Structure formats: C-alpha cells, structure tokens
Amino acid sequence: MARVKKKDYENLTSTNIEKVIAHLTADQPISKKEACGMLNIAYNTARLQRIIDDHEDKKLYRAKRKAQNKGRAASSAEIAEAVQQFLGGDSITEIAKGMYRSSGFVKAIIQRVGVPQKTDQPVDYLPEQCVAEDFSEGELVWSAKYSAPAIVEHELSINYQAERPGFVDTNYEKKYGSKCYAIYVIQKVRDDSDTWANVGTGGFNAFSLAYDLGKLEHLKEYGVDLSRI
C-alpha cells in the first residue's frame with residue numbers, strides 16, 4: 001500500500017491515529033465525520049480508511065521485523081546507528097522503533113560502548129571512556145552540563161584572554177583545576193512529533209570546564225561517524 005501523504009496542518013501522528021481508532025471501535029463510537037475532525041483532515045471517509053489501513057500495516061510490519069530480530073545479537077551497523085542517533089538527540093524509544101528492536105536492546109548498546117547519557121541531574125555522568133583533560137579545536141564532544149553534543153571552538157587560556165578585550169584573565173586551571181573551553185552546543189529542532197517530522201539542528205555558544213566535557217573518539221572503534229552527529 002502506498003504511503004499516505006500528509007498535509008502540514010493534519011494531525012496524523014501515530015498517537016492520534018490510535019486515539020481515533022479507539023474512539024471508532026468504542027461501545028459508543030464517534031462518527032467518521034468526527035474522526036476526520038480529530039485528524040484535522042477534510043471529511044472523506046475513503047481517505048480516513050486509507051489512513052487507518054496504512055497505520056495498521058505499519059504496526060504489523062514493525063511487529064514482524066521485531067519478531068525476526070528477536071534473539072539476534074546487535075550487528076556493527078546497528079551499534080553505529082544507535083549511537084549516532086542517540087548522540088544526535090533521538091530518544092531510546094525512537095531509535096528502537098526505527099531499528100525494530102526493543103528499548104532495552106538499544107539501552108544496552110548505549111551503556112556497553114560508553115555513550116554519555118542524559119539524566120535528571122544538573123550535570124550528566126560521563127563514562128570513564130569519555131573523561132579527558134584536554135580537547136582540540138573543532139573536536140566533537142559531549143557536554144555533560146547541557147546533555148548534548150558540542151563543538152570545541154577554542155581554549156580560554158591565559159594568553160587567549162590577554163590578547164582579547166573584555167576578558168578578565170582568569171587562570172581556570174589554578175582556580176578550578178581544569179581548563180576552560182568555548183563550545184558550540186548542538187541542539188535538534190523538530191517541527192512536530194510525528195514519525196515523518198522534519199528535523200533540523202540549531203544551537204548556542206557557551207563556556208565549559210574540561211571536566212564537564214566528554215571525549216567521543218572511542219566511539220569510532222564501533223564504526224560511529226562523528227561527522228553525522
């Protein structure tokens with residue numbers, strides 16, 4: 001079956017379609033006109049049915065693929081894909097859905113290879129593989145403070161500060177026991193929560209001490225392409 005084309009104003013998220021199906025199959029079902037209204041589509045019963053059928057087909061396909069993958073060890077491609085998507089801002093649930101694997105399977109990959117994880121703490125915990133004292137200009141790192149990947153722009157060394165107006169010549173290593181870096185924090189920007197949502201990237205500038213930054217170079221051993229994050 002051909003994929004249903006979605007107009008910008010239509011609410012065809014998986015969650016909303018499931019809600020409509022539940023209302024249509026309830027003991028006191030809503031009308032098809034009301035169902036179209038919930039999806040924010042023009043009143044068209046044929047298209048409504050196509051949307052529902054397409055949604056059910058996708059659910060069956062996912063279930064079939066998950067069953068096929070059950071018990072299989074993670075391939076090198078799956079490990080690299082899971083890590084890249086996680087560092088890029090996708091949730092474990094989203095990654096699992098796209099890979100036709102369970103959330104537990106994806107979480108185990110993330111933990112095993114030493115990927116920094118987001119927490120409810122003010123600053124995230126960094127795996128041992130990520131801990132470092134020095135970083136290079138242009139290096140992709142993980143910001144434990146902002147729970148996001150970041151690009152190192154330059155170190156705020158004594159010489160760097162002395163050569164530029166506006167800086168208060170702070171010796172960060174003496175004061176905090178750590179070098180300080182100017183970084184650009186990368187953020188994912190979504191248009192909506194649908195599976196086919198448009199996703200872009202944005203970000204902001206910040207300063208960070210080295211102990212709040214994590215190296216990601218070790219992930220290249222698992223085939224992770226850091227340039228795609």
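Scroll up for the structure.
Residues numbered from 1 in each chain as written. Predicted model: local features only at pLDDT ≥ 70, side-chain atom pairs only at ≥ 80, totals over all residues. Heavy atoms only, no water.

Colleague: Explain the overall build of the protein chain to me, please; I cannot follow it from the model alone.
Modeller: Within the protein chain, the regular secondary structure consists of 8 helices and 5 strands. Mapped from its N terminus to its C terminus, the protein chain presents α and β elements in the order α-α-α-α-α-α-β-β-α-α-β-β-β. Its C-alpha atoms give the protein chain a radius of gyration of 23 Å, clearly above 17 Å, the size a compact globule of 229 residues would have. With the principal axes as the frame, the protein chain shows a C-alpha extent of 70 × 45 × 30 Å. Counting every position in the protein chain, which comprises 229 residues, the buried fraction comes to 39%. (Helix = DSSP H or I, 4+ residues; strand = E, 2+ residues; numbered from the N terminus. Rg over C-alpha atoms; globule rule 2.2 N^0.38 Å. Buried < 20%, exposed > 50% of the residue type's maximum accessible area, 1.4 Å probe, protein only.)

Colleague: How should I be thinking about helix H1 (residues 14-24) in this particular structure?
Modeller: Counting along an α-helix, one turn takes 3.6 residues, and residues three or four places apart therefore face a common direction. Residues of H1 that are buried include every one of Asn16, Ile17, Val20 and Ile21, and no others. Buried residues of H1, viewed axially, fall in a sector of 140°; they line one side. (Arc of directions from axis to C-beta.)

Colleague: Looking at this model, I keep getting lost on the packing of helix H4 (residues 76-87) against helix H6 (residues 103-112). Mind explaining?
Modeller: Between two packed helices, the angle of one axis relative to the other and the distance separating the axes together describe the packing. For the pair H4 and H6, interaxial distance at closest approach is 10 Å and the crossing angle is 85°. Judged on the interaxial angle alone, H6 and H4 are roughly perpendicular. Within the contact between the two elements, H4 uses Glu78, Ile79, Ala82, Val83 and Phe86 and H6 uses Phe105, Val106, Ile109, Ile110 and Arg112. (Axes fitted to C-alpha atoms, helices over the stretch in contact; angles between N-to-C directions. Parallel < 35°, antiparallel > 145°, perpendicular 65-115°, else oblique. Contact = heavy atoms within 4.5 Å.)

Colleague: Mind showing me how you'd approach helix H2 (residues 32-39) here?
Modeller: For H2, every residue scored as buried is listed here: Ala35, Cys36 and Leu39. Around the axis of H2, the buried residues are gathered within 100° of arc, so they sit on the same side. Opposite its buried face, H2 presents the exposed residues Lys33 and Gly37, each directed more than 90 degrees away. For H2, the elements touching its buried residues are H1 and helix H3 (45-69). Directly beyond the C-terminal end of H2, a positive phi value near 60° is found at asparagine 40.

Colleague: When you look at the nonpolar core in this model, what are you seeing that I'm missing?
Modeller: General note: in soluble globular proteins, nonpolar side chains tend to be found buried as a group. Val83, Leu87, Val106, Val115, Leu216, Leu219 and Val224 are the most contacted members of the largest nonpolar core, which has 27 residues in total. Listed by contribution, the elements that provide at least two residues to this core are H4, helix H5 (92-99), H6 and strand E1 (140-143). The biggest single contributor to this core is H4, with 6 residues. For valine 83, the residues in contact, after removing those within four places along its chain, are Ile109, Ile110, Val113, Val115, Leu219 and Val224. (Core = buried A, V, L, I, M, F, W, Y, C linked by side-chain atoms within 4.5 Å.)

Colleague: Is there a simple way to think about the packing of H4 against H5 in this case?
Modeller: The N-to-C vectors of H4 and H5 enclose an angle of 145°; their axes lie 10 Å apart at closest approach. Helix-helix and strand crossings are classified by hand; for H4 and H5 the assignment is right-handed. Of the residues in H5, those in contact with Glu78, Glu81, Ala82, Gln85 and Phe86 of H4 are Ile92, Ile95 and Met99. Looking at the contact of H4 with H5 residue by residue, the class counts come to 5 nonpolar, 1 polar and 2 charged. (Left-handed = near helix turned anticlockwise from the far one by under 90°. Nonpolar A, V, L, I, M, F, W, Y, C, P; charged D, E, K, R; others polar.)

Colleague: What's the story with the pattern of salt bridges in this structure? I'm lost.
Modeller: Pairs may arise between side chains of opposite charge once their charged atoms sit close together. Inspection of the entire model under this criterion finds 9 salt bridges. Across the pair glutamate 10 and arginine 47 runs a salt bridge whose closest N-O atoms are separated by 2.8 Å. Taken together, the residues span a long stretch of sequence, with glutamate 10 in the segment before H1 and arginine 47 in helix H3 at a distance of 37 residues. On the basis of relative accessible area, glutamate 10 is assigned to the buried category, the value being 5%. Between glutamate 18 and lysine 59 there is a salt bridge whose closest N-O contact spans 2.9 Å. Here the residue glutamate 18 occupies a position in helix H1, and lysine 59 occupies one in helix H3, the gap between them amounting to 41 residues. In this structure lysine 59 comes out as partly exposed when scored by relative accessible area, which is 35%. (Salt bridge = Lys/Arg side-chain N within 4 Å of Asp/Glu carboxyl O.)

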